[in-house]
Amino acid sequence: MPKPTTNDRSKATAANVGYEAQLWQMADALRGSMDAAEYKHVVLGLIFLKYISDAFEEQHAKLEAEKAQGADPEDPDEYRALSIFWVPPEARWSHLKARAKQATIGQLVDDAMAGIERDNPALKGVLPDQYGRTGLDKQRLGQLIDMISNIKVGDEASRAKDVLGRVYEYFLSQFASAEGKKGGEFYTPRCVVKLLVEMIEPYRGRVYDPCCGSSGMFVQSVEFIRAHAKGNGNGGKAKADISIYGQESNYTTWRLAKMNLAIRGIDGQIAHGDTFHNDRHPDLKADFILANPPFNVSDWRGDLLRDDKRWQYGVPPAGNANFAWVEHIVHHLAPAGVAGFVLANGSMSSNQSGEGDIRKNLIEADVVDCMVALPGQLFYSTQIPACLWFLARDRKDGKFRDRRGHVLFIDARKLGRMVDRTHRELTDEDIARIAATYHAWRGEKDAGGYADIAGFCKGAPLEEVRKHVHVLTPGRYVGAAAQEDDGEPFEEKMKRLAATLREQQAEAAKLDAAIASNLRELGYGG
């Protein structure tokens, strides 16, 4: 494939790298008769390898330039010190690319994966293999290597934009479609993760994501701490003093999660398994929970868990896992813990199969802190409208003000900007506005005073939520934005509008007459 031009790159945003669709079309063309589920591992494994190699080669070039000052580009410690994986000679992308047309390319890729795992214990058991197996067309594999050679996924600029995460998730959703499954894996847009992290501020303690995908929440949490290390609300004392716990059911995604953390030098206990049926952190009580559970999952086998101890607010319906996720999250919250997570909009108002009762019980138990309605078109793999829930176990909370008996509602549906035809993105200013509103309402030190803003935010007492039969849709509470007075007196405005209407009616009558005349000339006069 051709490299993206300068113009292509200028169009790339945090919502869209700029060439995923082109990359997918070319990769899919090389699939041939191979089953999509099998091919998925082949192509994603190569993208992993390219990612590792890009980061290594960028540092290798820097060290080559500093050889006169004593740098050694072949010293593994020069890389490990910067949390960059050491890539042995047989695993370097340049080595594979030069041999892509050889019949032995499959075995060479397997050797590369084995070499990287051997020299980097953090990746043990994470990288895929079996490229040398008989059923894999080696000519197509070589073509795939040539194609992937033209994209950068692991250099510093690409890591900053999380190119690997987005290309990977785009491919995963396309594979889900090719495999005939509904929905596929969801990729949480960076701006949504950033908003969640800015709002709950996970500076220190245990951070948990029960459906961690490719570990985007954790990566953003650590980035947040680094960004705020010199001020902004924590007196300049922030350190990456967090412990990370996660679980992911999709094996391929779990592998990426492990690698995504390892490549950034972040330690995390990421388990593989079904969070509902095999909770790998059963005793964890987390200080912060961040999550984007898959929306409206109907086949979560909830009927097998009717008596589970996690269902303190009601038994979630077997046909929809939304409230199972909510109750799982509350179950794992520490006494002073805070959770922020994404859910489908239906969770705010649904009354099906007892969901309304669970929502009512959560509200009456005083754990719902804040609700945010998000704009549409933010999500990469789904058009389902979404919202953010924020829960806190202790809303009396010595850290902030006593918020018991109140819920903050924020309607952010009008925020964001379109970055291409199908993707919207929350800007840094939007994120700062929403987070600052929450911080002020919570009564955080130096966050300023809070005031309701018609059409945007409202701190509503529990009595008002009860009047709305425990529906949590922000639009019901914030009201309409105040209309600006244009200064035109009412009588004059009505005269002007009435005159405009008469002109338009006269113009419409002329058009109707012209159409009727044309129809008569064509013999359709009637």
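Everything discussed here concerns the structure shown above.
Remember, predicted model here, so these are calculated numbers, not experimental data.

Analysis parameters
Residues numbered from 1 in each chain as written. Predicted model: local features only at pLDDT ≥ 70, side-chain atom pairs only at ≥ 80, totals over all residues. Heavy atoms only, no water. Pairing = 2+ DSSP bridges. Helix = DSSP H or I, 4+ residues; strand = E, 2+ residues; numbered from the N terminus. Buried < 20%, exposed > 50% of the residue type's maximum accessible area, 1.4 Å probe, protein only. Patch = residues over 30% accessible without salt bridge, like charges linked within 9 Å, V, L, I, M, F, W, Y side chains within 5 Å. Areas by Shrake-Rupley, 256 points an atom, 1.4 Å probe, with all protein chains shown as cover. Salt bridge = Lys/Arg side-chain N within 4 Å of Asp/Glu carboxyl O. Core = buried A, V, L, I, M, F, W, Y, C linked by side-chain atoms within 4.5 Å. Contact = heavy atoms within 4.5 Å. Phe/Tyr/Trp six-rings, centres within 6.5 Å; stacked < 30°, edge-to-face > 60°. Lys NZ or Arg CZ within 6 Å of the ring centre and 35° of its normal.

Q: Please set out the pairing of strand E1 (residues 204–209) residue by residue, giving values where relevant.
A: Sheet topology note: the E1/strand E2 (residues 241–248) ladder contains 6 bridges and is parallel. In the sheet register, Val207 faces E2, and the bridge partner there is Ile244. Sheet analysis places E1 next to strand E4 (residues 286–291), joined by 2 bridges and oriented parallel. By the bridge assignment for E4, Tyr208 is matched with Ile289.

Q: An account of the pairing of strand E6 (residues 368–373) is requested, with residue identities and associated values reported.
A: Along E6, 6 of the 6 residues are buried, which leaves the element largely enclosed by surrounding structure. As judged from the 5 bridges shared by E6 and strand E7 (residues 386–392), these two strands associate in the antiparallel manner. By the bridge assignment, Cys370 is partnered in E7 with Phe390. Sheet topology note: the E6/strand E8 (residues 406–411) ladder contains 4 bridges and is parallel. Each residue of the ladder has a partner; that of Cys370, found in E8, is Leu408.

Q: Go over a nonpolar patch on the surface, please, and point to the residues and values.
A: Where nonpolar side chains cluster on the molecular surface, the patch consists of Leu511, Ile515, Leu519, Leu522 and Tyr524 and spans about 560 Å² of accessible area. A relative accessible area of 49% means that Leu511 is categorised as partly exposed.

Q: Could you give an account of the nonpolar core, with specific residues and numbers?
A: In a soluble, globular protein the nonpolar side chains are often hidden away together inside. Within the largest apolar cluster, 53 residues are counted, with the highest numbers of intra-cluster contacts made by Val43, Leu46, Leu123, Leu144, Ile148 and Phe171. Elements that contribute at least two residues to this core include exactly helix H2 (20–29), helix H3 (36–65), helix H5 (93–98), helix H6 (105–119), helix H7 (138–148), helix H9 (163–178) and helix H12 (251–262). Among the elements that make up this core, the one with the highest residue count is H3 (13 residues). In this view, Leu123 contacts Ile52, Phe85, Ile116, Glu117, Met259 and Ala262; residues no more than four positions away in its chain are not counted. Among the nonpolar cores identified, the runner-up in size contains 50 residues, and Val193, Phe295, Ala344 and Leu388 belong to it.

Q: Could you give me a rundown of the packing of aromatic side chains, with the residues and numbers involved?
A: Applying the stated rule across the entire model yields 12 aromatic pairs. Summarising the aromatic geometry, the rings of Phe56 and Tyr79 are spaced 4.6 Å apart at their centres and angled 25 degrees between planes, so their arrangement reads as stacked. With Phe56 in helix H3 and Tyr79 in helix H4 (residues 76–80), this residue pair connects regions lying 23 residues apart in the sequence. Residue Phe56 shares its accessibility class with Tyr79, and that shared class is buried. On the basis of an interplanar angle of 35 degrees and a centroid distance of 5.5 Å, the ring pair of Phe390 and Tyr438 is categorised as tilted. One end of the pair, Phe390, is in strand E7; the other, Tyr438, is in helix H15 (residues 428–442), and 48 residues separate them in sequence. Considered together, Phe390 and Tyr438 belong to a single accessibility category, that of buried residues. In this structure, Arg92 packs its charged tip against the face of Trp86, placed 5.2 Å from the ring centre. One Lys or Arg, Arg401, reaches over the ring of Trp441 and ends 5.1 Å from the middle of that ring.

Function cannot be inferred from these measures alone, as they are strictly geometric.
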